[in-house]
Amino acid sequence: MKTSLVAIVLALVAVAAGQTASPQTQAPPAESKSQAPVIKDPAEYNAYMGAAGQHDAAARISGLEAFLVQYPNSVMKAEALEALMGLYQQAGNQAKVIDAANRLLAADPDNARALVLLAYNERGAQKWADAKQHAERGLQALAKMTKPEGTSDADFQKQKTQFAAVLNNVAGFSALQLKDYAAAQKYLRVAVEADPNNVENVYPLALASLTGTPTDDLNGLFFIARAASLISDPKGKADVTKFGRSKYKAYHGSDQGWNELLAMAATTPLPPAGFTITKYVPPTPAEQCTEIVQKKAPKEMTFAEWELCLSAGKPEDADKVWSTIKGVPLQMEGQVIKSSPTELQIAGSSDDIDAKRADIVLSFPAAIPAKMIPKEGSTLDFEGTPVSYAPSPFVVTMEKGALLTKKAPPPARKPPTRRRPST
């Protein structure tokens with residue numbers, strides 16, 4: 001993750017390490033709004049204050065750990081663990097950070113700081129399921145979070161906003177890695193709306209929208225264009241722009257309008273009201289046939305185009321094709337699927353060749369000599385006269401079959417022999 005999220009996490013750790021609540025030794029008056037825990041045992045109070053009051057970080061860690069061993073059920077347990085979590089983070093001891101955070105959650109299941117730290121560290125370790133779970137718990141815990149004593153309303157709200165930024169990012173990015181696209185879109189959209197200029201959220205949101213099932217193409221295309229405008233690295237910007245253009249072209253049918261979308265997204269943080277992109281709808285087979293018939297005479301069409309029109313074209317288009325080729329001797333090439341002395345089953349279109357399915361039945365007026373019967377799987381040049389067809393599955397029946405032999409290419413001319421010069 002980039003510096004912004006790291007800075008937020010380090011800031012919350014500094015707060016955890018530096019703000020150790022001071023307990024009271026007796027219950028506060030009923031009208032007091034103080035939230036400080038109450039330690040009834042003076043010995044326990046002195047032990048806690050002695051540990052928390054250490055100025056040296058190592059001594060403070062040692063003192064707080066000793067306090068928790070001596071008083072495992074103290075009312076100050078959560079406060080002590082929260083301070084330890086921050087002190088271990090400052091010391092760079094990540095194993096102890098995780099241990100303190102887990103102990104803190106056991107004592108205080110809704111502790112937002114612990115959940116943020118765990119989620120953040122698990123994201124870095126690519127423990128996506130754990131990171132997502134702790135981030136989602138953290139977002140729920142924020143609603144229950146109470147303002148610490150001595151913290152202003154503004155600072156408390158700022159802290160909650162920062163926590164939410166980390167948690168939504170972690171929950172959304174982890175969900176994306178887990179292919180939970182709906183959750184990824186949900187959390188990352190909240191993160192983007194809170195900070196539209198943070199590409200750490202914008203780019204993953206674009207990916208979640210464009211690759212999910214079902215896709216959210218409009219938002220995905222907008223945010224991939226937005227991400228391209230936010231990326232400063234030239235290669236990264238070029239790669240994301242290329243990817244976005246390909247997705248735009250697939251959706252729209254061409255890249256017309258892509259540059260305009262890039263320009264708009266560069267200055268517009270979120271999709272504006274009424275934002276839309278016209279979706280390309282491919283023509284139906286019948287529409288494809290009509291377009292072919294309008295551009296080509298049936299005699300100029302390929303066999304695959306005849307097959308398209310005869311199997312899926314409008315009646316008038318199919319009739320136009322069939323009336324032109326019916327009863328007319330045609331010379332073609334195909335692949336033999338099945339052979340016998342009097343009949344060949346042939347695949348004439350590339351799709352049917354790949355599928356090894358015969359779309360032509362060719363009969364011969366006389367039996368083919370045994371040594372001339374084409375082998376199954378071989379490529380064949382032949383002539384036949386169409387007499388009927390079935391539209392689905394498409395098969396055309398041809399009669400008066402004849403095997404054709406390709407003319408051999410003329411021999412290459414040998415270069416003239418040069419005489420050796422006389423000496």
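All values derive from a computational prediction rather than experimental measurement. (Residues numbered from 1 in each chain as written. Predicted model: local features only at pLDDT ≥ 70, side-chain atom pairs only at ≥ 80, totals over all residues. Heavy atoms only, no water.)

A. Expanded view of the pattern of salt bridges. Within the structure shown, the criterion is met by 13 salt bridges. When the shortest N-O distance is used, the salt bridge between glutamate 65 and arginine 103 registers 2.9 Å. Highlighted residues: glutamate 65 in helix α3 (residues 57-70) and arginine 103 in helix α5 (residues 94-107), separated in sequence by 38 residues. Residue glutamate 82 pairs with arginine 113 through a salt bridge whose shortest N-O separation is 2.4 Å. (Salt bridge = Lys/Arg side-chain N within 4 Å of Asp/Glu carboxyl O. Helix = DSSP H or I, 4+ residues; strand = E, 2+ residues; numbered from the N terminus.)

B. Representation of the nonpolar core in the model. Leu142, Leu221, Phe223, Trp258, Leu261 and Ile277 are the most contacted members of the largest nonpolar core, which totals 47 residues. No other element matches the nine residues that helix α8 (residues 153-177) contributes to this core. Once you skip the residues sitting within four places of it in the chain, phenylalanine 223 turns out to touch Arg189, Val192, Val202, Leu205, Ala206, Pro269, Leu270 and Pro271. Core analysis: the next-biggest nonpolar cluster, separate from the first, contains 28 residues, Ile61, Leu68, Leu81 and Leu117 among them. (Core = buried A, V, L, I, M, F, W, Y, C linked by side-chain atoms within 4.5 Å. Buried < 20%, exposed > 50% of the residue type's maximum accessible area, 1.4 Å probe, protein only. Contact = heavy atoms within 4.5 Å.)

C. Seen up close, the side chain of histidine 134. If you trace the backbone, histidine 134 turns up in helix α7 (residues 128-142). Residues within four places of histidine 134 in sequence aside, it is in contact with Leu105, Leu115, Leu118, Ala119, Glu122 and Leu167.

D. Focus on the sheet that holds strand β5 (residues 394-403). Pairing in this closed barrel of five strands is mixed, and the strands run β1-β2-β3-β5-β4 around the ring. In this sheet, adjacent strand axes meet at a mean angle of 55° when their direction is disregarded. Both strand β3 (residues 360-363) and β5 contribute to a ladder of three bridges, which runs parallel. Bridged to isoleucine 360 within β5 is valine 396. On the sheet, helix α15 (residues 303-312) packs against β1 (330-339), β3, β4 (379-391) and β5 and is oriented at approximately 140° with respect to β5. Contacting β1, β4 and β5, helix α16 (residues 315-325) crosses the sheet at an angle of about 130° to β4. (Pairing = 2+ DSSP bridges. Axes fitted to C-alpha atoms, helices over the stretch in contact; angles between N-to-C directions.)

E. Geometry of unusual backbone geometry. The amide bond that connects threonine 213 to the next residue, proline 214, takes the cis arrangement and shows omega of 0°. By the element assignment, proline 214 lies in the loop between α10 (199-211) and α11 (217-230). Even without being glycine, glutamine 126 reaches a positive phi, approximately 60°. The backbone phi angle of lysine 179 is positive, close to 65°, even though this residue is not glycine. Structurally, lysine 179 is set in the loop between α8 and α9 (181-194). By relative accessible area, which is 58% here, lysine 179 ends up exposed.

F. Just α9, in detail. When the terminal C-alpha atoms of α9 are compared, their 20 Å separation across 14 residues agrees well with the 20 Å that a helix rising 1.5 Å per residue should span. Where α9 is buried, its residues contact α7, α8, α10 and α11. (Expected span 1.5 Å × (residues − 1).)

G. Just the state of the cysteines, in detail. The full count for this structure, using the stated rule, is one disulfide. Disulfide pairing places cysteine 289 opposite cysteine 309 at an S-S distance of 2.2 Å. Where cysteine 289 bonds to cysteine 309 through sulfur, the torsion about that S-S bond is close to 115°, and the disulfide is right-handed. With a gap of 20 residues between them, cysteine 289 in helix α14 (residues 285-295) and cysteine 309 in helix α15 connect regions that are remote in the sequence. The exposure classification of cysteine 289 matches that of cysteine 309, with both residues buried. (Disulfide = S-S within 2.5 Å.)

H. Seen up close, the pairing of β1. With six bridges connecting them, β1 and β4 associate as antiparallel partners. Bridge pairing links glutamate 333 to aspartate 381 in β4. Bridge count for β1 against strand β2 (residues 343-347) is four bridges, and the pairing is antiparallel. The partner of serine 339 across the bridge, within β2, is leucine 344. Here β1 hands over to β2 after three residues, the two strands then running antiparallel side by side.

I. Structural detail: the packing of α11 against helix α13 (residues 258-267). Contact geometry for α11 and α13: axes closest at 8 Å, N-to-C directions at 70°. The angle between α11 and α13 falls in the class roughly perpendicular. Between α11 and α13 lies a crossing whose hand is right-handed. From α11, Leu221, Phe222, Ile224, Ala225, Arg226, Ala228 and Ser229 reach across to α13, where they touch Trp258, Leu261, Leu262, Met264, Ala265, Ala266 and Thr267. Class assignment of the residues belonging to the contact of α11 with α13 gives a composition of eleven nonpolar, two polar and one charged. (Parallel < 35°, antiparallel > 145°, perpendicular 65-115°, else oblique. Left-handed = near helix turned anticlockwise from the far one by under 90°. Nonpolar A, V, L, I, M, F, W, Y, C, P; charged D, E, K, R; others polar.)

J. Summary view of the packing of α7 against α8. The interhelical angle for the contact between α7 and α8, taken along N-to-C directions, is 145°, at an axis separation of 8 Å. Seen along the crossing, α7 lies across α8 with a hand that is left-handed. Touching Trp128, Ala131, Lys132, His134, Ala135, Glu136, Gly138, Leu139 and Leu142 of α7 are Lys160, Phe163, Ala164, Leu167, Asn168, Val170, Ala171, Phe173, Ser174, Ala175 and Gln177, all from α8. Residue composition of the contact of α7 with α8, grouped by class: twelve nonpolar, five polar and three charged.

K. Broad picture of the packing of aromatic side chains. One pass over the full model with this rule turns up ten aromatic pairs. A ring pair is formed by tyrosine 389 and phenylalanine 394, whose centres lie 6.2 Å apart and whose planes are at 40°; its orientation type is tilted. Assessed through its relative accessible area of 4%, phenylalanine 394 is described here as buried. Grouped by ring-pair contacts, the aromatic residues Phe303, Trp306, Trp322, Tyr389 and Phe394 constitute a single cluster. Arginine 123 extends its terminal NZ or CZ atom over the ring of phenylalanine 173, reaching a point 4.0 Å from the ring centre. (Phe/Tyr/Trp six-rings, centres within 6.5 Å; stacked < 30°, edge-to-face > 60°. Lys NZ or Arg CZ within 6 Å of the ring centre and 35° of its normal.)

Function cannot be read off these values alone, since they describe shape.
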